[in-house]
Amino acid sequence: MSEDLLEQLETWHEEDEYERIVEAVTEIPAEERNYELVGHLGRALNNLERYEEAVQQFLTVAEEGAEDPLWHYRIGLAYYYLEQYDDAEREFTRADELEPGDEDTLEFLEWIRAKKAGEFEEETDEDLDSDDSAEDSGSDEAGETDETDGAAAAVASVNAILSDEANLDVPYGSPNEGFDINNFWNDADPDAESYVSAPPTDDLIDSVQEELVFKLPAFYVQMMKIHNGGIPRSRYFPLGEAADGAPSGVRINGMFGIGRDKAKSLCGASGSRFIIENGGYPEFGVVICDCPQESGVVMLDYRGSGNDGEPEVVHVEQATGRKITRLAPDFETFVRGLVNA
């Protein structure tokens, strides 16, 4: 195996050319692939979200990887996204034993244990509901309410708050003056489940900011206290005309909430840190919105304000060398500038 090939594979990885890595390695007969090549192939398959294939590749070199923390980390990541949490926990635990204190490994272990604890609690609640139903056939409706999870539970908690708040057309001086949050979110979208969490407590807000090492904008925090993440009805931020005269702008999929439990929350499994580290995005701030595949992300940019200041909002493209486009001077201007197009 030539050093030139290894250098090329690493270059493709840095350029997000994962398909080219897969094609190049799989052209080599399986019996001729060494441990390093299989590692490149498995990593590329993980990045392409082809996790079952990644596991199969990693297992072909399991004996060689037994004492390699990176092998355990990579196969653990594949198991995690396959939702095989027992296998993932075993591999990340071994990775931590071989290389203690790695932040990414510890973070995955924290997420896995939280997910497993949540599943246990959910099963326990269902068992209790079944017992109640046996005693009182009139409790079916209550049992259904207790079992509600995902987006429905989060949206229900948000709606309970909205019934008291009415909207954010609040008195002068509030960060959200004149902003009607009732019509901002599309909770009927089936993908909302990945984004929407119950409103954050002050302690959760503090801990998330500490983990991110950035202070979140006041307007954003106020929004999330009313409705914590989700999919806006208006998801297009116009930028005027492109050089060819065609309309130009940025489209988002959804907005990350404050939390860790939902995959698409700031500190979730597919949140800001994960996107920055796995997508090669700049570390000058926080990913606040994801965008359609391969178009990039919307970020809070703290370069001009410092970590405790009011960040600008920028779009970072994926396909053009991480080109940065300034969208708005602050988060409030960005939100108010979203249109339905």
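About the criteria used
- Residues numbered from 1 in each chain as written.
- Predicted model: local features only at pLDDT ≥ 70, side-chain atom pairs only at ≥ 80, totals over all residues.
- Heavy atoms only, no water.
- Axes fitted to C-alpha atoms, helices over the stretch in contact; angles between N-to-C directions.
- Helix = DSSP H or I, 4+ residues; strand = E, 2+ residues; numbered from the N terminus.
- Parallel < 35°, antiparallel > 145°, perpendicular 65-115°, else oblique.
- Left-handed = near helix turned anticlockwise from the far one by under 90°.
- Contact = heavy atoms within 4.5 Å.
- Patch = residues over 30% accessible without salt bridge, like charges linked within 9 Å, V, L, I, M, F, W, Y side chains within 5 Å.
- Areas by Shrake-Rupley, 256 points an atom, 1.4 Å probe, with all protein chains shown as cover.
- Salt bridge = Lys/Arg side-chain N within 4 Å of Asp/Glu carboxyl O.
- Lys, Arg positive; Asp, Glu negative; His and termini not counted.
- Charge placed at Lys NZ, Arg CZ, Asp CG, Glu CD.
- Pairing = 2+ DSSP bridges.
- Buried < 20%, exposed > 50% of the residue type's maximum accessible area, 1.4 Å probe, protein only.
- 1 Å grid on protein atoms, 1.4 Å probe; cavity = no way out; pocket = protein on both sides within 12 Å on 5 of 7 lines; lining within 4 Å.
- Points joined across faces, edges and corners; volume = space filled by probe spheres on them.
- Nonpolar A, V, L, I, M, F, W, Y, C, P; charged D, E, K, R; others polar.

Caption draft 1: How the structure looks around the packing of helix H3 (residues 35-47) against helix H4 (residues 51-59). Between H3 and H4, the shortest axis-to-axis distance is 8 Å and the interhelical angle comes to 165°. Between H3 and H4, the angle is such that the two are roughly antiparallel. Read as a crossing pair, H3 and H4 show a hand that is left-handed. Counting all contacts with H3, which are made through Val 38, Gly 39, Leu 41, Gly 42, Arg 43, Leu 45 and Asn 46, the residues of H4 involved are Tyr 51, Glu 53, Ala 54, Gln 57 and Phe 58.

Caption draft 2: The arrangement of a negative patch on the surface in detail. Among the surface-exposed residues, Glu 3, Asp 4, Glu 7 and Glu 36 lie close enough to one another that they form a single negatively charged patch. Here the negative patch gets 3 residues from one element, more than from any other, and that element is helix H1 (residues 3-14). One can find Glu 36 in helix H3.

Caption draft 3: Spotlight on the sheet that holds strand E4 (residues 285-290). Ordered in space as E3-E4-E5-E6-E7, the 5 strands form an open sheet in which the pairing is antiparallel. Looking along the sheet, the strands with just one partner apiece sit at the ends: strand E3 (254-255) and strand E7 (324-328). Sheet topology note: the strand E5 (residues 297-301)/strand E6 (residues 312-316) ladder contains 5 bridges and is antiparallel. In the strand pairing of E6, Asp 301 is matched with Glu 312. Of the strands in this sheet, E4 and E5 touch helix H13 (residues 272-279), which is tilted by about 100° from E4.

Caption draft 4: Molecular detail of the pairing of E6. Among the 5 residues in E6, 4 count as buried, and that is most of the element. Of the pairings in the sheet, the one linking E6 to E7 comprises 4 bridges and is antiparallel in character. Across the sheet, residue His 315 finds its bridge partner in E7, namely Thr 325.

Caption draft 5: Local environment of the layout of surface pockets. If you add up the space inside the second largest pocket, you get close to 260 Å³. Around the second largest pocket, the lining residues are Glu 103, Glu 211, Leu 212, Val 213, Phe 214, Ser 272, Arg 273, Ile 276, Glu 277, Glu 283 and Gly 285. Elements supplying a minimum of two residues to the lining of the second largest pocket: helix H11 (202-212) and H13. With 4 residues, the top contributor of residues to the lining of the second largest pocket is H13. For the lining of the second largest pocket, the class distribution of residues is 4 nonpolar, 2 polar and 5 charged.

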